[in-house]
Amino acid sequence: MRTILYCLTALVVMALAFNAYQENYATQQTLKDVAKLQRKIAAKRERLAILKAEWAYLNRPDRLRELAALNFETLGLMELQPEHFGRADQVSYPQPDLLPILNPIEVSGTQEQHP
């Protein structure tokens, strides 16, 4: 009886060791995948920073002014005049949506006098 118990215990220990071995390799592979994704994210962030810098460089006011002057006739642009701009009080802001009145209350102009 002891021999069977020892064999079963040894088999359980071997099964647990095999499971731990597989989990170890799965964890290592997951850590490698995470590191690879972090490198990709860093590369994408670097690319985004470069694109933002390029956009800022291309949208410099002096460069845009020069391009507008060079292509003024081709684009059919109009010269800016003060009347092209509006005042803040001329801007129509959207009105907020009014909620429906679910429980209306009757209101009259006269109040009853209680003696």
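What counts, and where the lines are drawn
- Residues numbered from 1 in each chain as written.
- Predicted model: local features only at pLDDT ≥ 70, side-chain atom pairs only at ≥ 80, totals over all residues.
- Heavy atoms only, no water.
- Helix = DSSP H or I, 4+ residues; strand = E, 2+ residues; numbered from the N terminus.
- Rg over C-alpha atoms; globule rule 2.2 N^0.38 Å.
- Buried < 20%, exposed > 50% of the residue type's maximum accessible area, 1.4 Å probe, protein only.
- Areas by Shrake-Rupley, 256 points an atom, 1.4 Å probe, with all protein chains shown as cover.
- Lys, Arg positive; Asp, Glu negative; His and termini not counted.
- Charge placed at Lys NZ, Arg CZ, Asp CG, Glu CD.
- Phe/Tyr/Trp six-rings, centres within 6.5 Å; stacked < 30°, edge-to-face > 60°.
- Patch = residues over 30% accessible without salt bridge, like charges linked within 9 Å, V, L, I, M, F, W, Y side chains within 5 Å.
- Salt bridge = Lys/Arg side-chain N within 4 Å of Asp/Glu carboxyl O.
- pLDDT = per-residue confidence, 0-100.

Student: Is there a simple way to think about the overall build of the chain in this case?
Tutor: Counting its secondary structure elements, the chain contains 3 helices and 0 strands. Moving toward the C terminus, one meets the helices and strands of the chain in the order α-α-α. Since a compact globule built from 115 residues should have a radius of gyration of about 13 Å, the 38 Å found for the chain marks it as more spread out than a globular shape. Across the 115 residues in the chain, those meeting the buried criterion constitute 0%. Split by element, the accessible area of the chain, about 12100 Å² in all, is 62% carbon and sulfur. If you average the places of the 13 positive and of the 13 negative side-chain charges in the chain, the two averages end up 23 Å apart.

Student: How should I be thinking about the packing of aromatic side chains in this particular structure?
Tutor: The geometry of two aromatic rings is summed up by the distance between their centres and the angle between their planes. Counted according to the given criterion, the structure contains 1 aromatic pair. Between the aromatic rings of Tyr21 and Tyr25, the centroid separation amounts to 4.9 Å while the plane-to-plane angle is 65°, which identifies the pairing as edge-to-face. With a gap of 4 residues between them, Tyr21 and Tyr25 both fall in helix 1 (residues 2-58), about one helical turn apart. Taking relative accessible area as the criterion, Tyr25 reaches 46% and is therefore assigned partly exposed.

Student: Can you walk me through a positive patch on the surface in this structure?
Tutor: On the surface, Lys36, Arg39, Lys40, Lys44 and Arg47 cluster together into a positively charged patch. Among the secondary structure elements, Lys36 is positioned in helix 1.

Student: What should I look at first to understand the confidence of the model for the chain in this one?
Tutor: When pLDDT drops low, the exact placement of atoms in the prediction is not to be read closely. Taken over all residues, the pLDDT of the chain has a mean of 89, while the share at 70 or more is 94%. Confidence, expressed as mean pLDDT per element, reaches its minimum in the chain at helix 3 (residues 72-75) with 87 and its maximum at helix 1 with 95.

Student: What is the right way to look at a nonpolar patch on the surface in this model?
Tutor: On the surface, Ile4, Leu8, Leu11 and Met14 cluster together into a nonpolar patch covering about 420 Å² of accessible area. Here Leu8 shows up in helix 1. Given a relative accessible area of 49%, Leu8 falls into the partly exposed group.

Student: Sorry, what's going on with the environment of Val107 here?
Tutor: As for its placement among the helices and strands, Val107 is situated in the segment after helix 3. A residue is classified by how much of its surface remains accessible, and Val107, at 69% relative accessible area, is exposed. Separated by 92 residues in sequence, Val107 and Ala15 place their C-alpha atoms 82 Å apart.

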